[in-house]
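# Architecture at a glance
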Protein chains: 2
Amino acid sequence: MNVQVVMVSLLTLGMATAVWAEDAAKAEPAKTEAAGDAAKTADAGTVKDEPIKPLEAVTVKDEAKVELGKKLYFDPRLSKSGFISCNSCHNLSMGGTDNLQTSIGDHWQQGPINAPTVLNSSMNVAQFWDGRAKDLKEQAGGPIANPGEMAFTHELALDVLKSIPQYQDEFKSAFNKDAIDIDMVKDAIAAFEDTLVTPDAKFDKWLKGDDSALSETELKGYKLFKESGCVACHNGPAVGGASFQKMGVVEPYKTDNPAEGVGGLTKKDEDRFKFKVPTLRNVELTYPYFHDGAAKTLEDAVHTMGQLQLGKKFTDEETADIVAFLKTLTGKQPEFQLPILPPSTNETPRPEPFNKADKDKAKQKDAGAKADGKQS
Amino acid sequence: MNVQVVMVSLLTLGMATAVWAEDAAKAEPAKTEAAGDAAKTADAGTVKDEPIKPLEAVTVKDEAKVELGKKLYFDPRLSKSGFISCNSCHNLSMGGTDNLQTSIGDHWQQGPINAPTVLNSSMNVAQFWDGRAKDLKEQAGGPIANPGEMAFTHELALDVLKSIPQYQDEFKSAFNKDAIDIDMVKDAIAAFEDTLVTPDAKFDKWLKGDDSALSETELKGYKLFKESGCVACHNGPAVGGASFQKMGVVEPYKTDNPAEGVGGLTKKDEDRFKFKVPTLRNVELTYPYFHDGAAKTLEDAVHTMGQLQLGKKFTDEETADIVAFLKTLTGKQPEFQLPILPPSTNETPRPEPFNKADKDKAKQKDAGAKADGKQS
């Protein structure tokens, strides 16, 4: 992975809030205004002037590509085992996450980091906790070829797709080309993910002028969230996702998890433990929390964030109020039919133990061992 | 598992075709007439008189129960890991199977047998390859508590469900009771599974009088399928599922798989290698084939069945014709929205490594080891 390239990619995104070098504690609320641009589709006449902006439903532009991407997202044949799909860890029945501390990968390997939600992820300044992919398209290829996740190769995944006539047809419809390459696979998956936006949360209704949408407690929680400085990082339509910040500003964060965030890419000391600020949209559904998944409950997460990032010790009542507010960010979950996948053909490579390449290799090895006079 | 009870249950089902003691080779086509009863919903005026009967769509009777069952079917929190749901191995995007030789279970354990399709499974004379569950309700509890599959216990699964208010409400709506027990869980899952019927296959259209629905090759394949004796076992609306037959009648079946079928339950020599005849509905989607998943392609399966069960060596052309016919049995797959699962609460037990009981046990063990003067 070429870190320089990623850095440049990130820095050329032109989003004023994507600032690795800033600390949350130093950030001014004024900074959050830039995020307001993304909410320009909302009716400016009625929307309240708040650092959090309403989330708007997306219009599907390219239905053929989105439908294809949905199938690929649910297709476990993009993994070596034939058992793990994108939806295994970014489960759209469960807030776009797996609700595990860290994910389960090929051969039950335990992942190094908590799976971030795919919901509203198109609004992130970059993808992965350390921002090493500049967008969803770049991200989509990662897990397929990660030996700890889907453990496949792009080439083998393409062999599977190319062997299936219905996929050939759908790629042709979506891309107007008689070929399938990994760029198209990533593009289609990203096009589907772009549609995974969750509008119409209670908080959106309140932002758009329905004062009765929030209870007294929820409103109290929001005011505290705003006045305590949480909005310095958690702002805009995604209530986060727009900047990288150090985990542990006022006090260091204690964890067994070895992830170093942006510092793991740049090798700069000032980037250590800088992670992308996660979106708080649907946070009620995306437990457990933090990059290490160590916070089991929203109460844990709010308490720790207050103390470590803002130097505030929220009382139990304050924490409860903020949690009540956070639950108003649960939006309308994406509604779609479970995709029916096109069947493999006789030409489709099968997952282990039907993988001929593996068998041939084993046979060769066996033959080699015999030729060497060793026991097989 | 009380084998006697299962045997009695099976024998009291009153289905004339559920006959463990008969051999496929001895069966007369006349025997298949009994299966016609199940097709009584079809219009008798137009339906062709064939051993295979049309498959009719089901009407959902209890929507609350079916919707609840759908959620449970997709909920990985019914597994110890929080990662495996019913849909993991009986994937409704993939013909109700996992398309693996044998399934992957908790901690990547390899299952002992090929996962049968859940599609049209309500028509099976009994559930599992060896028929050890009398119906879908009895089957549904099995995988949850099987240490090699979902590896949970019914009690722990109930603890999860009881801690989630939305599930409490949905169980109350479905069962009119202020409680959740495993009987209700199994009942709801079975109610959902009862809806997973796949009507409107090309072959159904042909059966109902549309002579143009089948091509010449497909029709030739069907005639050969019928005349060769395949219909002795593969008949009725599910094209199978109605009897237990010995695998390897004319020649013994060679396999590394240790499963003994019905004989594993009854310990009777005449029941060894007797397995439930699988449905051939959607067989295009449910590869690989046989209880050991050893037949990779439909061609393999047809060739082996002809030779071992009927003593016939189909030519390549004959095999291709039969395969063409078998593909006309692919029906309309169940269409429904991906269910959105109700989120866990702070009271919901978390999967490992958040399982307090496990941690406490580890701590106790550690303390015990220290008290014994051993190194921890």
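The model shown is predicted, which means the values in this text are computed figures rather than measured ones. Each residue is numbered by its place in its chain's sequence as written, counting from 1. Following the order in which they are written, the chains are lettered starting with A and the ligands numbered starting with 1. Reporting of local features is limited, given that this is a predicted model, to residues whose pLDDT is at least 70; pairs of side-chain atoms are given and counted only at 80 or more, and all residues count toward the totals for whole chains, interfaces and linings. Here the side-chain values reflect all heavy atoms present in the structure, with hydrogen atoms and water set aside.

### Things to note about the overall build of chain A
Strands here are runs of E lasting at least two residues and helices are runs of H or I lasting at least four, both read from the DSSP assignment and numbered beginning at the N terminus. Looking only at helices and strands, chain A has 13 helices and 4 strands in total. Categorising residues by exposure relies on relative accessible area from a 1.4 Å probe, with only protein chains included: less than 20% of the type maximum marks a residue as buried, more than 50% marks it as exposed, and the intermediate range marks it as partly exposed. Going through the 376 residues of chain A one by one, you find that 56% of them count as buried. Two residues form a contact once any of their heavy atoms are found within 4.5 Å. Restricting to contacts in chain A with at least 6 residues of sequence separation, those with at least 24 account for 71%. Accessible surface, chain A: about 16,900 Å² in total, of which carbon and sulfur atoms supply 51%. To be clear on the numbers: accessible area is Shrake-Rupley with a 1.4 Å probe, and residue cover counts the displayed protein chains and nothing else.

### Here we look at the packing of aromatic side chains
All names here are of chain A. In summary, the pairing rule links any two rings of Phe, Tyr or Trp, Trp by its six-membered ring, whose centres are within 6.5 Å, and it sorts them by plane angle into stacked for under 30 degrees, edge-to-face for over 60 and tilted for everything else. Within this structure, the stated rule accounts for 30 aromatic pairs over all chains. Centre to centre, the rings of Y253 and F290 are 5.8 Å apart; their planes meet at 85 degrees, and the pair counts as edge-to-face. With Y253 in the loop between β3 (244-246) and α10 (262-266) and F290 in the loop between β4 (274-276) and α11 (298-310), this residue pair connects regions lying 37 residues apart in the sequence. Classification of F290 as buried rests on a relative accessible area of 12%. Put simply, the rings of F203, W206, Y222, F225 and F325 touch in pairs and so form one group of aromatic residues. Placement of a positive charge over a ring is assigned whenever Lys NZ or Arg CZ falls within 6 Å of the ring centre and within 35 degrees of the normal to the ring plane. In this arrangement the basic side chain of K48 is found over the ring face of W206, its NZ or CZ atom lying 4.5 Å from the centre.

### Comments concerning the interface of chain B and chain A
Contact with chain B, which involves 45 residues of that partner, is made by 46 residues of chain A. Buried area between chain B and chain A, both sides added, is near 4,000 Å², and the carbon and sulfur share of it is 66%. Take a side-chain nitrogen of Lys or Arg and a carboxyl oxygen of Asp or Glu: if they are within 4 Å of each other, that pair is a salt bridge. Counting every contact that joins chain B to chain A gives 0 salt bridges. Taken together, the elements giving at least two residues each to the side of chain B that touches chain A come down to α3 (86-89) and β1 (104-105) of chain B. Along the lines of polarity and charge, the residues of the side of chain B that touches chain A split into 24 nonpolar, 13 polar and 8 charged. Buried area is a sum: the accessible area each of two parts loses on coming together, probed at 1.4 Å, counted once for each and added. Residue polarity follows a fixed list, in which Ala, Val, Leu, Ile, Met, Phe, Trp, Tyr, Cys and Pro are nonpolar, Asp, Glu, Lys and Arg are charged, and the others, Gly among them, are polar.

### Some details on the relation of the copies chain B and chain A
Least-squares superposition of the copies uses the C-alpha atoms of those residues scoring a pLDDT of at least 70 in each of them. Here chain B sits on chain A after a turn of 180 degrees about the axis and a move of 0.0 Å along it, with an RMSD of 0.0 Å. These values place the two chain copies in the arrangement generated by a two-fold rotation axis. Minimal C-alpha distance to the rotation axis in chain B is attained by B:Q337, lying at 2.0 Å. Most of the interface of chain B is mirrored in chain A: 100% of its interface residues are interface residues there too.

### So, helix α5 (residues 154-162) of chain A
Residues and elements named next belong to chain A. Of the residues making up α5, those classed as buried are A157, L158, V160 and L161. Down the axis of α5, the buried side of the element spans an arc of 155 degrees, and every buried residue falls inside it. Looking at the packing, one finds that the buried side of α5 touches α2 (63-74), α4 (136-145), α6 (165-175) and α7 (182-194). Along the arc lie the directions from the helix axis toward the C-beta atoms.

### Points about the pattern of salt bridges
Counted according to the given criterion, the structure contains 36 salt bridges over all chains. Here A:E67 makes a salt bridge to A:K70, at a shortest N to O gap of 3.0 Å. With A:E67 and A:K70 both in helix α2 and 3 residues apart, this pair spans about one turn of that helix. Judged by relative accessible area, A:E67 falls into the partly exposed class, the value being 34%. Between B:R77 and B:D75 there is a salt bridge; the shortest N-O distance is 2.9 Å. Owing to a relative accessible area of 1%, B:D75 belongs among the buried residues under this scheme.

### Focus on the environment of B:P349
Residues and elements named next belong to chain B. In this structure, P349 sits in the loop between α12 (316-326) and α13 (356-371). Judged by its relative accessible area of 38%, P349 is partly exposed. Sequence spacing of P349 and R77 is 272 residues, and the spatial spacing of their C-alpha atoms is 9.4 Å. Those residues in contact with P349, other than ones at most four positions away along the chain, are D159, V160 and S163.

### Some details on the confidence of the model for chain A
Any region with low pLDDT has predicted coordinates that should not be read closely. Residue and element names in this part refer to chain A. pLDDT runs from 0 to 100 and stands for how confident the predictor is about each residue. A residue-level look at chain A finds 82% of positions with pLDDT of 70 or above and a mean pLDDT of 86. Predicted confidence is poor over residues 1-44, with pLDDT under 50, and the contacts of this stretch with residues over four places away or in other chains come to 66 contacts. Of the regions scoring below 50 in pLDDT, residues 368-376 engages in 3 contacts with residues more than four places distant in sequence or in other chains.

### Structural notes on unusual backbone geometry
Cis geometry marks the peptide bond from A:Y287 to A:P288; its omega dihedral reads -10 degrees. The residue B:A151 is not glycine, and still its phi comes out positive at about 60 degrees. On the secondary structure map, B:A151 appears in the loop between α4 (136-145) and α5 (154-162). Exposure remark for B:A151: the relative accessible area of 17% places this residue in the buried category. For B:F273, which is not a glycine, the phi torsion comes out positive at approximately 65 degrees. Along the chain, the position of B:F273 falls in the loop between α10 (262-266) and β4 (274-276).

### Considering the packing of helix α11 (residues 298-310) of chain B against α12(B)
All names here are of chain B. The convention used is that axes are lines fitted to C-alpha atoms, helices contributing only their stretch in contact, and that angles between N-to-C directions extend from 0 to 180 degrees. Contact geometry for α11 and α12: axes closest at 9 Å, N-to-C directions at 115 degrees. Judged by the sense of rotation from one axis to the other, the crossing of α11 with α12 is right-handed. Here L298, E299 and V302 of α11 lie close against α12, whose contacting residues are T319, I322, V323 and L326. Here the residues of the contact of α11 with α12 sort into 5 nonpolar, 1 polar and 1 charged. With the far helix as reference, a near helix turned anticlockwise by less than a right angle produces a left-handed crossing, and one turned clockwise produces a right-handed crossing.

### Here we look at the nonpolar core
Only buried residues count toward a nonpolar core, which is a set of Ala, Val, Leu, Ile, Met, Phe, Trp, Tyr and Cys residues joined through side-chain atoms within 4.5 Å. Residues A:L72, A:L92, A:F171, B:L72, B:L92 and B:F171 are the most contacted members of the largest nonpolar core, which totals 84 residues. Not counting chain neighbours up to four residues away, the residues in contact with B:L92 comprise A:L338, A:I340, B:Y73, B:F74, B:N87, B:V118, B:L119, B:F192, B:L196 and B:F336.

### Some thoughts on the environment of A:I189
Residues and elements named next belong to chain A. By the secondary structure assignment, I189 is in helix α7. Taking the C-alpha atoms as reference points, I189 and C86, separated by 103 residues in sequence, lie 9.3 Å from one another. Excluding residues that lie within four positions of it along the chain, I189 makes contacts with G69, L72, Y73, L78, C86 and A140.

### Overview of helix α7 (residues 182-194) of chain B
All names here are of chain B. Its 13 residues place the ends of α7 18 Å apart at the C-alpha level, agreeing with the 18 Å of an ideal helix rising 1.5 Å per residue. Among the 13 residues of α7, 10 are classified as buried, and the element is accordingly described as predominantly covered. Against the buried residues of α7 lie α2 (63-74), α3, α4, α5 and α6 (165-175). A side-chain oxygen of the first residue of α7 lies 3.1 Å from the backbone nitrogen of D183; this N-cap is D181. The span expected for a helix works out to 1.5 Å for each residue beyond the first. Here a polar contact is taken to be a pair of N or O atoms separated by no more than 3.5 Å, where protein atoms must pair a possible hydrogen donor with a possible acceptor and residues adjacent in sequence count only if both atoms sit in side chains.

### Focus on the side chain of A:S93
The residue A:S93 is located in the loop between α3 (86-89) and β1 (104-105) in this model. Residue A:S93 is classed as buried on the basis of its relative accessible area, which comes to 2%. A polar contact is formed between the side chain of A:S93 and the backbone oxygen of B:P339, at a distance of 2.8 Å. Apart from residues lying up to four places away in sequence, A:S93 is in contact with B:L338, B:P339, B:I340 and B:L341.

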